Structure formats: structure tokens, C-alpha cells
Amino acid sequence: MAGKDFVKGVKESSQALDGSNLRVLIVHARWNSEIITPLVEGAKKTMIEKYKVKPENIVLKDVPGAYELPSATQILLKQSQQQLVPSNDLLSMGINSPQPASSPAGSVKGASSAIQYKPFDVAICIGVLIKGSTMHFEYIADATSNGIMRVSLDTGIPCIFGVLTCLTDEQAKERAGIAGQNQNEGHNHGADWGAAAVEMALLKL
Ligand SMILES: Nc1c(NC[C@H](O)[C@H](O)[C@H](O)CO)[nH]c(=O)[nH]c1=O
Ligand SMILES: CC(=O)[C@@H](O)COP(=O)(O)O
């Protein structure tokens, strides 16, 4: 395993951060899902246990790969700014925004006059890129990092860059805290992203 230098992590804010009123969007890729899963759980665990974010206020959406993170995040943040993005259970049923039972034919897709949802205060974009034998890695990494930054600046909603760009599987596992024979070594960067998300979200409140 690499030396301890990989165990980098953000220095936490000295402020007492209260995330109990925050609504958080986590958009994560499905590529390298065995590494994505602990990263997502690490972010959720930190936000819930350390910063009092309510589990029901964390909405998850998965996309094919890291390249799709910026566009999916932008779509959902913009919908959320129109107060149209429901909780996980409705999203998981494919219901983007429940129509009122009597919604008139031809009404604006997803427009729901009866139900309004609190907009997201922050998004965390989680992906794992592992270098292959072509330049594909470099192009996706560049596009994804610039894309996430652009979405954050365009929407005015902080988007945390939670994309591992690794040269080997082992590097990725170390950064998800699942390295070593027992798959429990390393530092879960998802925890850092959860902390950063709460801090950045509270900048606006
Ligand atoms: N090789 C990895 C990919 N590649 C897929 C792209 O992200 C994208 O889904 C595809 O090009 C279609 O647009 N994605 C990852 O997240 N991680 C990889 O290692
Ligand atoms: C990050 C990637 O796109 C990479 O895993 C794809 O592998 P390859 O460059 O060998 O096609």
C-alpha cells in the first residue's frame, strides 16, 4: 500500500456546522460501483452523524458514468430551483414530480402546482475514474471537473467535486477506505466531501 501520503483529507471547519435544515443532492456514477458505494455511504454517514443532516433530505440519483455527472446535476438542480424534485422514494419509482390527480392534459411536464419541494442547498458529484490504456481517462477527467465547476457557478449552488481520478484500482480503493486484504484500509474521501458539502451549503444561509 502506498505510504501514508494518500491519507490526505480536508481540515474541517472550526465552526460548529448545523446541517439540520439542508437538502442535499448526491449524483453518483455506476461505473466502478464497488468503489462508488463506500464513497456515497461515507458522505451520507458524515453528513447525518456529524452535521445532523436529515436522511430524508439527502436525495440520490445515479448516472452511467462520471462524464454524465455535470449534465445530470445541472438538470436536477435547475428542476429543484423550480421546487420540482421530490424525495428519494418518489424518484426511485421514476416519479420526477407527481402530477396532481386532476392535472389538465398538456400541462407542463413535471409541473406540479400542488406539491412544492425545498430546493437543494448543495450537490455532491461522485465518480471513480481509473486510467485504462488510452487517453479516454484524461478526456473524461478534464470534461467532468470543468463541467462540475461550471454547473456550480452557473446555478449558484455549490457542487462538491467527488471524482476520484486514479491510475490503479488500488489507489481508488485506498481513497474509498476499502484497501488491503480486509478491505478496511485507507481514507474514505466521501467523508471529506460530505463535510465540504455542509460547509459550502451553509455559506448561503
Ligand atoms: N472509464 C470510465 C468511465 N467511462 C464512461 C464515461 O464516464 C461515460 O459514461 C461514457 O463515455 C458515456 O458517455 N466512467 C467512469 O465513471 N469511470 C471510468 O473509469
Ligand atoms: C477512464 C476510462 O475511460 C478508462 O477506464 C477506459 O479504459 P481504456 O482507456 O483502456 O479504454
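Below is a short write-up of the structure. (Residues numbered from 1 in each chain as written. Chains lettered and ligands numbered in written order. Predicted model: local features only at pLDDT ≥ 70, side-chain atom pairs only at ≥ 80, totals over all residues. Heavy atoms only, no water.)

Section: the nonpolar core
So the rule is basically this: Throughout, nonpolar core names a set of buried Ala, Val, Leu, Ile, Met, Phe, Trp, Tyr and Cys residues whose side chains join them through atoms within 4.5 Å. Note on exposure labels: buried denotes an accessible area under 20% of the residue type's maximum, exposed denotes more than 50%, and partly exposed covers the range between, all computed with a 1.4 Å probe on protein chains only. The way it works is that DSSP assigns letters per residue, a run of H or I at least four long becomes a helix, a run of E at least two long becomes a strand, and they are numbered from the N terminus. It only takes one pair of heavy atoms within 4.5 Å for two residues to be counted as in contact.
Membership of the largest hydrophobic core comes to 29 residues, with the highest contact counts inside it found for Val-24, Ile-26, Ile-35, Leu-39, Met-47, Ile-124 and Ile-126. For this core, the secondary-structure elements that each account for two or more residues are strand S1 (24-29), helix H1 (33-51), strand S3 (122-130), strand S4 (159-166) and helix H6 (189-202). When residues in this core are grouped by element, the largest group, seven residues, is from H1. In this view, Leu-39 contacts Ile-126, Val-128, Leu-164, Arg-175, Ala-176, Asn-188, His-189, Gly-190 and Trp-193; residues no more than four positions away in its chain are not counted.

Quick word on the pairing of S4
For clarity, the threshold we go by: When the strands point away from the viewer, a crossover counts as right-handed if the route from the first strand across the helix to the second turns clockwise.
Counting buried positions over the eight residues of S4 gives six, a clear majority of the element. Taking the sense of rotation as the criterion, the β-α-β connection linking S3, helix H4 (residues 136-155) and S4 turns out right-handed.

A closer look at the pattern of salt bridges
Rules: In the sections that follow, a salt bridge refers to a side-chain nitrogen of Lys or Arg positioned within 4 Å of a carboxyl oxygen of Asp or Glu.
Tallied over the full model, the rule gives seven salt bridges. For Lys-44, the salt bridge goes to Glu-41, with nearest N and O atoms at 3.7 Å. Placement of both Lys-44 and Glu-41 in helix H1 is noted, with a separation of three residues, approximately one turn of the helix.

Quick notes on the sheet that holds S1
Just so we agree on the cut-off: In short, DSSP must find at least two bridges between two strands for them to pair. In this description, a line fitted to the C-alpha atoms serves as the axis of each element, helices being fitted only across the stretch in contact, and the angle between N-to-C directions of two axes falls anywhere from 0 to 180 degrees.
Reading across from one edge, S2-S1-S3-S4 is the order of the four strands in this open sheet, with parallel pairing throughout. Of all the strands in the sheet, just strand S2 (58-63) and S4 have a single pairing partner and so form its edges. Each neighbouring strand pair of the sheet contributes to a mean axis angle of 15 degrees, computed without reference to strand direction. Most of the contacts of H1 go to S3, to which it runs at about 155 degrees, and overall it touches S1, S2, S3 and S4.

Describing the packing of H1 against H6
Put simply, the rule reads: Angle categories: roughly parallel below 35 degrees, roughly antiparallel above 145, roughly perpendicular from 65 to 115, and oblique for all the rest. Left-handed describes a crossing whose near helix is turned anticlockwise from the far helix by less than a right angle; the clockwise case is right-handed. Gly counts as polar in this scheme, as do all residues outside two lists: the nonpolar Ala, Val, Leu, Ile, Met, Phe, Trp, Tyr, Cys and Pro, and the charged Asp, Glu, Lys and Arg.
Where H1 meets H6, the closest approach of the two axes is 7 Å, and the angle between their N-to-C directions is 45 degrees. Viewed along their axes, H1 and H6 adopt a mutual orientation that is oblique. In the packing of H1 onto H6, the handedness of the crossing is right-handed. On H6, the residues touching Leu-39, Gly-42, Ala-43, Thr-46, Met-47 and Tyr-51 of H1 are His-189, Gly-190, Ala-191, Trp-193, Gly-194, Ala-195, Ala-197 and Val-198. Residue classes in the contact of H1 with H6 are distributed as nine nonpolar, five polar and no charged.

Section: the site of ligand 2
Using the following cut-off: The criterion for a residue being near a molecule or strand is simple. One of its heavy atoms has to lie within 4 Å of it. Two N or O atoms count as a polar contact when they lie within 3.5 Å, although within protein this holds only if one can serve as hydrogen donor and the other as acceptor, and sequence-adjacent residues are included solely when both atoms are side-chain atoms. Every accessible area reported is derived by Shrake-Rupley at a probe size of 1.4 Å, with residue values counting cover from the shown protein chains alone.
The environment of ligand 2 is made up of Leu-129, Ile-130, Gly-132, Ser-133, Thr-134, His-136, Phe-137 and Ile-140. Separating an oxygen atom of ligand 2 from a backbone N or O atom of Ser-133 is a distance of 2.8 Å. His-136 places a polar side-chain atom, nitrogen or oxygen, 2.6 Å from an oxygen atom of ligand 2. Taken by itself ligand 2 offers 330 Å² of open surface, and the protein chains cover 74% of this.

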